[in-house]
Each structure stands twice: as C-alpha cells, then as structure tokens.
Amino acid sequence: WALFNQQGSSWVLQAKALQLSGVLPFGIELSPETLLVLNPIFVTVLVPLTRGIFERWRRWFGAAPPASTARMFVGMLLASLAFLCSSALQSVVEAGPAGSVSVLWQVPQIFLITLAEVLVSVESLNFFYSR
C-alpha cells in the first residue's frame, strides 16, 4: 500500500503540472489536491456495487463467484493499471507545454486505484475474518 499512498503526494505533484482552471463549469477553480476527494466518493459507491455483483454472480454468469483471493489478485492488477495510467499521463505532461493537459485526466487512475482498494482491502478483511 506504499504505492497507494502516492495519491496524496506524487499524484498531487502531478496535478500541479496539469490545467486546473477552466475544467469545471461556472469558473470553479481546482486546487491540486481537490481530486483526492473522489477516493471516498468512489469507495462509498464501489463497496455496495461490488458486493452486489458478487452476490448475483451465480445468477448472472451461471458459475460460482471468484474466490476472495482471486478478487484480491484482480485488485492488485488494477492497482498496477492505475500506475500505468499515471505514468502515461506523466509522459504526456512532460511532452507538452505546462498546463496544457486537464487535471480531469487523473480521474481514471483515481478510479482504478480505488477499485483496487475495494477489491484488495475489503476482500482481504472478509477473507481473514471468515476463517
């Protein structure tokens, strides 16, 4: 989870190099750390959503839902994908003029790391407390 905590440091520094003004309506200005508020919002939405998906898995797909360890594995893959997105965004930022890339391009990496957090943290707690 050392990488997960980079949201509050490296990703905020990345946001400082992105376009923060003019990306939202009504002239609302964003500060570099503003997008961090998406994490708790995404967690609040994703926990019941993923729980519902796995509870209905057998009905929808006709097979047993993935084991907790498989869900945690997928979560780690999604965390890796989030950092690949971050790396790609940083490459675009460094290749162009300062402030030319919208800060909203950080939303996919924040969503992916939050989904990874839900799949790894929630599932690992479920796995270890059910044993």
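Scroll up for the structure.
Below or above, wherever it landed, is the structure these notes cover. Keep in mind the model is a prediction, meaning the values are calculated, not measured. (Residues numbered from 1 in each chain as written. Predicted model: local features only at pLDDT ≥ 70, side-chain atom pairs only at ≥ 80, totals over all residues. Heavy atoms only, no water.)

**Comments concerning the side chain of T50**
We count it as follows: We count a stretch as a helix when DSSP gives it H or I for four or more residues in a row; a strand needs E for two or more, and each element gets its number in order from the N terminus. Contacts were defined at the residue level, with two residues in contact if any of their heavy atoms lie within 4.5 Å.
Structurally, the position occupied by T50 is in helix 2 (residues 38–55). Filtering out sequence-adjacent residues up to four positions away, T50 remains in contact with L115 and V118.

**Thoughts on the environment of T50**
So the rule is basically this: The classification of residues rests on relative accessible area computed with a 1.4 Å probe and restricted to protein chains. Under 20% of the type maximum is buried, over 50% is exposed, and intermediate values are partly exposed.
Take T50: its relative accessible area is 13%, and that puts it in the buried class. A C-alpha to C-alpha distance of 8.2 Å links T50 and L119, two positions 69 residues apart in sequence.

**Things to note about a nonpolar patch on the surface**
The line we're drawing: Residues form patches when they are more than 30% accessible in relative terms and have no salt bridge. Like charges link within 9 Å. Nonpolar side chains (Val, Leu, Ile, Met, Phe, Trp, Tyr) link within 5 Å. For the accessible areas, the method is Shrake-Rupley and the probe is 1.4 Å, while residue cover comes only from the protein chains on display. For salt bridges, the criterion is a side-chain nitrogen of Lys or Arg within 4 Å of an Asp or Glu carboxyl oxygen.
A cluster of nonpolar side chains, V37, I41, V45 and L49, forms an exposed patch at the surface whose accessible area comes to about 350 Å². Structurally, L49 can be placed in helix 2.

**A few points about the packing of helix 2 against helix 5 (residues 107–129)**
Heads up, the rule is: Orientation is described by axes fitted as lines to C-alpha atoms, over the contacting stretch for helices, and by angles from 0 to 180 degrees between their N-to-C directions. Orientation categories follow fixed angle ranges, with anything under 35 degrees roughly parallel, anything over 145 roughly antiparallel, 65 to 115 roughly perpendicular, and all other angles oblique. Crossing chirality is assigned from the near helix's rotation relative to the far helix, an anticlockwise turn below a right angle marking it left-handed and a clockwise turn marking it right-handed. Note on residue categories: nonpolar means Ala, Val, Leu, Ile, Met, Phe, Trp, Tyr, Cys or Pro, charged means Asp, Glu, Lys or Arg, and polar means any other residue, Gly included.
Packing of helix 2 against helix 5 leaves a shortest axis separation of 9 Å and a crossing angle of 55°. Between helix 2 and helix 5, the angle falls in the class oblique. The interaxial crossing formed by helix 2 with helix 5 has right-handed handedness. Between helix 2 and helix 5, the contacting residues are L38, N39, F42, V43, L46, V47, T50, R51 and F54 on the first element and V107, I110, F111, T114, L115, E117, V118, L119, V122, E123 and N126 on the second. Class assignment for the residues of the contact of helix 2 with helix 5 results in 13 nonpolar, four polar and three charged.

**A look at the environment of K16**
Assignment of secondary structure puts K16 in helix 1 (residues 10–16). The exposure class assigned to K16 is exposed, which follows from its relative accessible area of 54%.

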